[in-house]
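# Summary of the model geometry
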Amino acid sequence: MELVRGLHNLRPRHRGCAATIGNFDGVHVGHQAILSRLRAHSERLGLPGCVVIFEPQPREFFAPDAAPPRLTRLREKLTLLQQNGVDRVLCLAFNRRLRELSAEQFVQQVLIDGLGVRHLEVGDDFRFGCDRSGDFAFLQQSGRAHGFTVEAANTVAESGERISSSRLRQVLADGDFILASLLLGRPFSITGRVVYGQQLGRTIGAPTANIQLKRVNPPLHGVYRVSVELDGVVRKGVANIGKRPSVSGDGKAHLEVHLFDFSGDLYGRRLTVVFHQKLRDEKRFDSLDALQAAIKADFAAARAQWGL
Ligand SMILES: Cc1cc2nc3c(=O)[nH]c(=O)nc-3n(C[C@H](O)[C@H](O)[C@H](O)COP(=O)(O)O)c2cc1C
Ligand SMILES: Nc1ncnc2c1ncn2[C@@H]1O[C@H](COP(=O)(O)OP(=O)(O)OP(=O)(O)O)[C@@H](O)[C@H]1O
């Protein structure tokens, strides 16, 4: 899969494709249906299938502090798009210039001049352009004028309700990992590199691997029963994701994982942490002793649930 960052990196060889546009945060089952339609059309046309995404996502640009949590970081999203058979991703920086483009300008500059789109696949509620003025009827009309076809994929629902990134955020906040797996078509996980922490965990009997979350506001907060696959073996463990109010922190969310019956060096490794069950919310403890006792109880609870 090829990643093209910004319109200015498009070359004449990139012209001619089937495309779709959106945030694709989480690459959930609704997104996967669009991607499978995209693949069908790209095969029919004998052209690459291209996904246009935004980084930052529009709401992160408009209101960075009030933006919803991210289900997938860019890197995770790209991996999932590749696994869904996408040939090319055009990643556009959502900035003032982009937000001011009218629907006509977006179609002309991105779809026609940039990508030479021959087929556009969208969801039935898709809207774009300055003030979201471009809709399906507008796209069809543009397609007739510029020689590309447009198809609106049917809504994909689960338990009678549309699947969306927003719904997934709520389901994860509720700790419903069974429903989350149904909406995602896989268990919810966070992948990141293990970095150095404050080395305090081992002194309180809880050595943890600290996984870099970068700037992203995670969709989960609290203590969870988790698993991690390491060198082909599924390791069971417990994780905390939060700001660690009991120890002087940097105000950012951290993900830390303790793996049961494991002692090894994980620094620098890229781990995928799969979340199975919420054990409790994160709390502020007045002493390290109280924190240590709570963590010990979390270990015991998670071990019991894992049958260890
Ligand atoms: C299972 C588990 C539960 C935790 N619960 C809390 C908590 O409720 N409140 C809190 O401030 N920190 C909590 N922590 C985070 C600890 O403060 C953290 O592991 C400790 O500061 C060590 O950090 P370090 O790995 O950077 O050295 C928890 C950690 C684990 C592994
Ligand atoms: N459940 C679904 N069924 C069909 N199409 C969908 C579904 N969910 C999203 N799409 C389509 O996938 C594309 C990308 O969607 P996008 O990520 O922008 O929205 P979303 O998943 O609905 O998230 P949000 O909750 O943030 O609106 C759009 O064309 C959208 O219409």
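Now for a description of the structure that goes with this document. (Residues numbered from 1 in each chain as written. Chains lettered and ligands numbered in written order. Predicted model: local features only at pLDDT ≥ 70, side-chain atom pairs only at ≥ 80, totals over all residues. Heavy atoms only, no water.)

Attention shifts here to the overall build of the chain. When helices and strands are counted, the chain shows nine helices and 14 strands. With the principal axes as the frame, the chain shows a C-alpha extent of 70 × 35 × 35 Å. Across the 308 residues in the chain, those meeting the buried criterion constitute 48%. In the chain, once contacts between residues fewer than 6 apart in sequence are set aside, the share between residues at least 24 apart is 72%. In the structure as shown, the chain presents an accessible area of about 15,300 Å², 49% of it carried by carbon and sulfur atoms. For the chain, the separation between the mean place of its 42 positive charges and that of its 32 negative charges on side chains is 4 Å. (Helix = DSSP H or I, 4+ residues; strand = E, 2+ residues; numbered from the N terminus. Buried < 20%, exposed > 50% of the residue type's maximum accessible area, 1.4 Å probe, protein only. Contact = heavy atoms within 4.5 Å. Areas by Shrake-Rupley, 256 points an atom, 1.4 Å probe, with all protein chains shown as cover. Lys, Arg positive; Asp, Glu negative; His and termini not counted. Charge placed at Lys NZ, Arg CZ, Asp CG, Glu CD.)

So, on to helix H3 (residues 74–83). Every buried residue of H3 is listed here: Leu 74, Glu 76, Lys 77, Leu 78, Leu 80 and Leu 81. Of the surrounding secondary structure, the elements contacted by the buried residues of H3 are strand S1 (2–5), helix H1 (29–45), strand S3 (49–54), strand S4 (88–92) and strand S9 (189–195). Of the residues trailing H3, Gly 85 is marked for its positive phi of about 80°.

Before going further, it helps to spend a moment on the nonpolar core. Counting residues in each nonpolar core, the largest one holds 31 residues, and the members touching the most others are Leu 220, Leu 255, Val 257, Leu 271, Val 273 and Phe 275. Looking at this core, the elements that each hand over two or more residues are helix H7 (165–173), helix H8 (177–184), S9, strand S10 (209–211), strand S11 (222–230), strand S12 (233–242), strand S13 (254–259) and strand S14 (270–280). The element best represented in this core is H8, accounting for five residues. Grouped together as the second largest cluster of nonpolar side chains are 29 residues, Ala 19, Ile 112, Leu 115 and Phe 128 included. (Core = buried A, V, L, I, M, F, W, Y, C linked by side-chain atoms within 4.5 Å.)

This part takes up the site of ligand 2. Neighbouring residues of ligand 2: 20 residues in total, closest His 28, Gly 123, Asp 125, Val 156 and Ser 166. Within the backbone of Val 156, an N or O atom sits 2.8 Å from a nitrogen atom of ligand 2. Within the complex, the protein chains bury 88% of what would otherwise be the 610 Å² of accessible surface of ligand 2. Sorting the residues of the shell around ligand 2 by element identifies H1, strand S5 (117–123) and H7 as the ones contributing at least two each. With three residues, H1 is the single largest residue contributor to the shell around ligand 2. (Near = heavy atom within 4 Å. Polar contact = N/O pair within 3.5 Å; in protein donor to acceptor, adjacent residues only side chain to side chain.)

Moving on, we get to the sheet that holds S3. Reading across the sheet, the six strands line up as S1-S4-S3-S2-S5-S6 and stay open at both edges, with parallel pairing between neighbours. Edge positions in the sheet fall to S1 and strand S6 (149–153), since each has one partner strand and no second. With direction set aside, neighbouring strand axes in the sheet form an average angle of 25°. Where S1 meets S4, four bridges bridge the pair, whose relative direction is parallel. Following the sheet pairing, Val 4 is matched in S4 by Leu 90. The sheet contacts of helix H5 (residues 103–114) involve strand S2 (17–21), S3, S4 and S5, and relative to S4 the element is tilted by about 135°. On top of the sheet, helix H6 (residues 136–146) reaches S5 and S6; it is set at about 155° to S6, its chief contact. (Pairing = 2+ DSSP bridges. Axes fitted to C-alpha atoms, helices over the stretch in contact; angles between N-to-C directions.)

Right, let's get into the side chain of His 41. As for its placement among the helices and strands, His 41 is situated in helix H1. Here Arg 44 takes part through its side chain, which lies 2.9 Å from a polar atom of the side chain of His 41. Not counting chain neighbours up to four residues away, the residues in contact with His 41 comprise Ala 18, His 119, Glu 121 and Glu 151.

Residues Arg 75, Arg 193, Lys 214, Arg 215 and Arg 270 make up a contiguous surface patch of positive charge. Its place among the elements puts Arg 193 in strand S9. (Patch = residues over 30% accessible without salt bridge, like charges linked within 9 Å, V, L, I, M, F, W, Y side chains within 5 Å. Salt bridge = Lys/Arg side-chain N within 4 Å of Asp/Glu carboxyl O.)

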